[in-house]
Amino acid sequence: MEKILNYINGELVAPESGEYLDNYDPSRGTVYSQIPDSDANDIDMAVSAAKEAFPLWSKTPREERSRLMLKVAELIDENHEMLSRAESKDNGKPLKLARRVDIPRASSNFRFFATAILHESTEAHRMDETAMNYTERTPIGVAGCISPWNLPLYLFTWKIAPALAAGNTVVAKPSEVTPMTAFLLSKLCIEAGLPKGVLNIVHGLGPKVGQAISEHPDIPIISFTGGTATGKRIAATAAPMFKKLSLELGGKNPNIIFADCDFDKALSTSVQSSFANQGQICLCGSRIFIERSIYDKFRDAFAEKVQKLKVGDPLAESSHLGAVVSKPHMEKVLDYIDLAKKEGGVVLTGGQQIVTAGELSKGYYLAPTVIEGLDYNCRTNQEEIFGPLVTLTPFDTEEEVLTMANSTPYGLSATLWTNDLNRTQRMSTSIKAGVVWVNCWLVRDLRTPFGGVKQSGVGREGGWDALQFFTEKKNVCIKL
Ligand code: NAD
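Cut-offs and rules
- Residues numbered from 1 in each chain as written.
- Predicted model: local features only at pLDDT ≥ 70, side-chain atom pairs only at ≥ 80, totals over all residues.
- Heavy atoms only, no water.
- pLDDT = per-residue confidence, 0-100.
- Helix = DSSP H or I, 4+ residues; strand = E, 2+ residues; numbered from the N terminus.
- Expected span 1.5 Å × (residues − 1).
- Buried < 20%, exposed > 50% of the residue type's maximum accessible area, 1.4 Å probe, protein only.
- Contact = heavy atoms within 4.5 Å.
- Polar contact = N/O pair within 3.5 Å; in protein donor to acceptor, adjacent residues only side chain to side chain.
- Near = heavy atom within 4 Å.
- Areas by Shrake-Rupley, 256 points an atom, 1.4 Å probe, with all protein chains shown as cover.
- Pairing = 2+ DSSP bridges.
- Axes fitted to C-alpha atoms, helices over the stretch in contact; angles between N-to-C directions.
- Core = buried A, V, L, I, M, F, W, Y, C linked by side-chain atoms within 4.5 Å.
- Phe/Tyr/Trp six-rings, centres within 6.5 Å; stacked < 30°, edge-to-face > 60°.
- Parallel < 35°, antiparallel > 145°, perpendicular 65-115°, else oblique.
- Nonpolar A, V, L, I, M, F, W, Y, C, P; charged D, E, K, R; others polar.

Overall, the prediction assigns the protein chain a mean pLDDT of 97, with 100% of residues at 70 or greater. Here helix α15 (residues 463–469) stands out as the least confident element of the protein chain, with mean pLDDT 92; strand β10 (residues 199–201) is the most confident, with 99.

Below, the discussion takes up helix α11 (residues 327–342). Given a rise of 1.5 Å per residue, 16 residues ought to cover 22 Å, and the 23 Å separating the end C-alpha atoms of α11 matches this to within 8%. Within α11, burial applies to His-329, Met-330, Val-333, Tyr-336, Ile-337, Leu-339 and Ala-340. In this structure, the buried side of α11 is in contact with β16 (369–372), α12 (379–382) and β17 (389–395). N-capping of α11 is provided by Ser-326, with a side-chain oxygen placed 3.2 Å from the backbone N of His-329.

This part is about the environment of Ser-407. Here Ser-407 lies in the loop between α13 (398–405) and β18 (410–411). Ser-407 sits 159 residues away from Glu-248 along the chain, and the two C-alpha atoms are 19 Å apart. Contacts of Ser-407, omitting those with residues within four sequence positions, involve Arg-287, Tyr-376, Asn-377 and Gln-382.

Moving on, we get to the site of the ligand. Close contacts around the ligand come from 30 residues, with Ser-147, Glu-176, Thr-230, Leu-249 and Glu-384 the closest. Within the contact set of the ligand, an oxygen atom lies 2.8 Å away from a side-chain nitrogen or oxygen of Trp-149. Glu-384 is positioned with one of its side-chain polar atoms (N or O) 2.5 Å from an oxygen atom of the ligand. Starting from 840 Å² of accessible surface for the ligand in isolation, the protein chains cover 90%. Per-element accounting of the shell around the ligand gives the leading share, 4 residues, to helix α7 (residues 206–215).

Spatially, β15-β16-β17-β14-β13-β19-β20 is the arrangement adopted by the 7 strands of the open sheet, whose pairing is mixed. Two strands in the sheet have a free side with no partner beyond their single neighbour: β15 (346–349) and β20 (435–438). In this sheet, neighbouring strand axes are inclined to one another by 25° on average, regardless of whether the strands run parallel or antiparallel. Of the pairings in the sheet, the one linking strand β13 (residues 254–257) to strand β14 (residues 287–291) comprises 4 bridges and is parallel in character. Bridge assignment links Ile-257 to a residue of β14, and that residue is Ile-290.

What follows concerns the nonpolar core. Among the nonpolar cores identified, the biggest contains 69 residues, and Ile-76, Phe-110, Val-170 and Leu-199 are the most heavily contacted of them. With 10 residues, the single largest contributor to this core is helix α5 (residues 152–165). Setting aside its immediate chain neighbours within four residues, Val-170 contacts Ala-50, Ala-143, Cys-145, Ile-160, Ala-163, Leu-164, Val-198, Leu-199 and Asn-200.

In the structure shown here, the tally under the stated rule is 7 aromatic pairs. With a centroid separation of 4.9 Å and an interplanar angle of 85°, the aromatic rings of Phe-112 and Phe-113 are classed as edge-to-face. For the pair shown, Phe-112 and Phe-113 are each scored as buried. Plain terms: the ring middles of Phe-263 and Phe-298 are 5.8 Å apart, the flat faces sit at 75° to each other, and that makes the pair edge-to-face.

Between helix α3 (residues 80–91) and helix α6 (residues 180–192), whose axes approach to 8 Å, the crossing angle comes to 155°. The pairing of α3 with α6 is recorded here as roughly antiparallel in orientation. Listed contacts from α6 to Met-82, Leu-83, Ala-86, Glu-87 and Asp-90 of α3 are Met-180, Thr-181, Leu-184 and Leu-188. Per-class residue counts for the contact of α3 with α6 are 6 nonpolar, 1 polar and 2 charged.

Further remarks concern the sheet that holds strand β6 (residues 124–127). The strand order across the open sheet built from 3 strands is β6-β7-β23, with neighbouring strands paired in antiparallel fashion. The strands lining the two open edges of the sheet, one partner per strand, are β6 and β23 (471–479). With direction set aside, neighbouring strand axes in the sheet form an average angle of 20°. Both β6 and strand β7 (residues 131–139) contribute to a ladder of 4 bridges, which runs antiparallel. Each residue of the ladder has a partner; that of Met-127, found in β7, is Ala-131.

The subject of this paragraph is the side chain of Ser-27. Relative to the elements of secondary structure, Ser-27 occurs in the loop between β4 (20–25) and β5 (30–36). Side chain to side chain, Ser-27 and Asp-25 meet in a polar contact 2.7 Å long. Contact partners of Ser-27, with chain neighbours within four places excluded, come to Pro-314, Ala-323, Leu-360, Gly-363 and Tyr-365.

Rendered as C-alpha cells:
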C-alpha cells in the first residue's frame, strides 16, 4: 500500500517514529494509503531546515523566486489530471469539480503570488524639507501553514504561495483527512528545483503536528484555515508568544432571496451554493432566507431541483455530489438531521444516507437535504454543519432578514439576490460578513481581501493583504 512521506529539507522522508495512520477513500470506505503519524520531532527537523534555508531564500532576487514558483504552477498544470484524480479519491468530491476548481486554482495561487511580487511597491512620505520616510517590508522567517480537508490543494497552496513569494520559508501541514495532493505537490517542488528547506510538508494529526507548529518558538507567524474550535486553540497557544496570526474559520452563511430577483438565476445558483462539494465549502449558503411573497414558489422549485441531483461515484460524469469526507463527518451530519427534526423541522427532500450497490456500498453518501419550518435561532440554524443540509426560512422585511442573517456567531460570507441597487448597498453594509456576493456566488478575484468577521476569523487572505501578512512593515525616517 502506498506510503505518503514527509517533505523535509528537500527530501521525501519517513516520520521519525516510523508510525503511520490509515488514509481512507471516502467513496468506497476503504483504506488506500498510509499517512505519516508525525510528531514534534519531525516538526523540529522541518523548522531547522526552514531556518537554515531562510537567509538565502529571503535574499534570493524576486525574479528568481517568481521563476521557481511559476515552474511549480506549470508542473501542477501539466499534472492536472493526475492531481484531480488524487484529490477526488482522497476527498470524495466529484472528479469534475476537482478538475474544474481545485487543481486549476492551486496553480493559479502559485502563479498569482509569483507574479504579484514582481509588481510590489512601497510608500514614501516626505516631510517637506525635514525628513523622508519610506516603508520597508521584509520577510519574517519560518511561516507555519495549517489547512483543512474540504478544498485540500486549493487552500494549502493559498497559504504557501504568498508565504514563499514574500521570502519566507515554510513548514506546512495539510489535513490528515486529505493528505495525498500535498504529498504529490512535494514531489513537484523537488522536480521544479525548489531549494531544499524552503518548503517543508509534515503530515499527521492536528493535536500532534498542528499543535507542535503553533507551539514552536521558531515559527513566528501562522496562517490557519479550519474550524473555529481549532482556531481558538491555536490562538490561545500562539497569543502569549505574540505570534502573527491569520485565522480563517467556520461559517453559517445566509443566502437571501428577494422577490425582485432574477428567479431562475437565484434558483440554479442556490442549488450550487447549497450543495457544491457536498456542502463542504466554508462559503456555502446553508441558511436560505426567501421573501414571503415568493416563498412557496421558490421552495417547490428548489426542492424539485435538489431531488434531481445525482449522488454517486465521484468518478462518474453524471454525479453532482460525491461522498462526504469521512464516516465521522457523515455521522455528524446525520445527527444534525435528527436534531433538525426534533427542533420542528420538516424534511422536504433528502434526510438520509444513500447506500449504493457494489464497491461503493461502504462509501459515505448522503442525500442533499432541504429542511423548512425551523426557527432562525435554533441550533440547526446557528451551528456550522458543513454538509449537504440547508434550511429554508421566509421573511417579510429587510430589517427582519438582517436580524436573522446576523444572528449566528459567524460572519464569513453572504449572498444577496435582488435587482434593487439601493437595497444592495444598504444590505451589504449592514450584513456582518467578510464577503458579500450580489446576484452570484463564489466569484473570486484573487486580488481582493478574503476572510471573515466574528467567529469566522481574523486576518485577510488574498492579494496584497496576504503578501503584507507574510512581511514585517517598518518605517525608515531619514533626516534631510
Ligand atoms: P479542523 O479545524 O478540524 O482542522 C484544520 C487543520 O487543523 C487540520 O490540518 C488539522 O489537522 C489541524 N489541527 C487540528 N487540531 C489542531 C491543533 N490543536 N493545533 C493545530 N492544528 C490543528 O477543520 P477541518 O475539519 O479540517 O475543516 C473544516 C472547517 O474548516 C470548517 O469549520 C470550515 O468552515 C473551515 N474552513 C474555513 C475556511 C475559510 O476560509 N474561512 C475555508 C475552508 C474551511
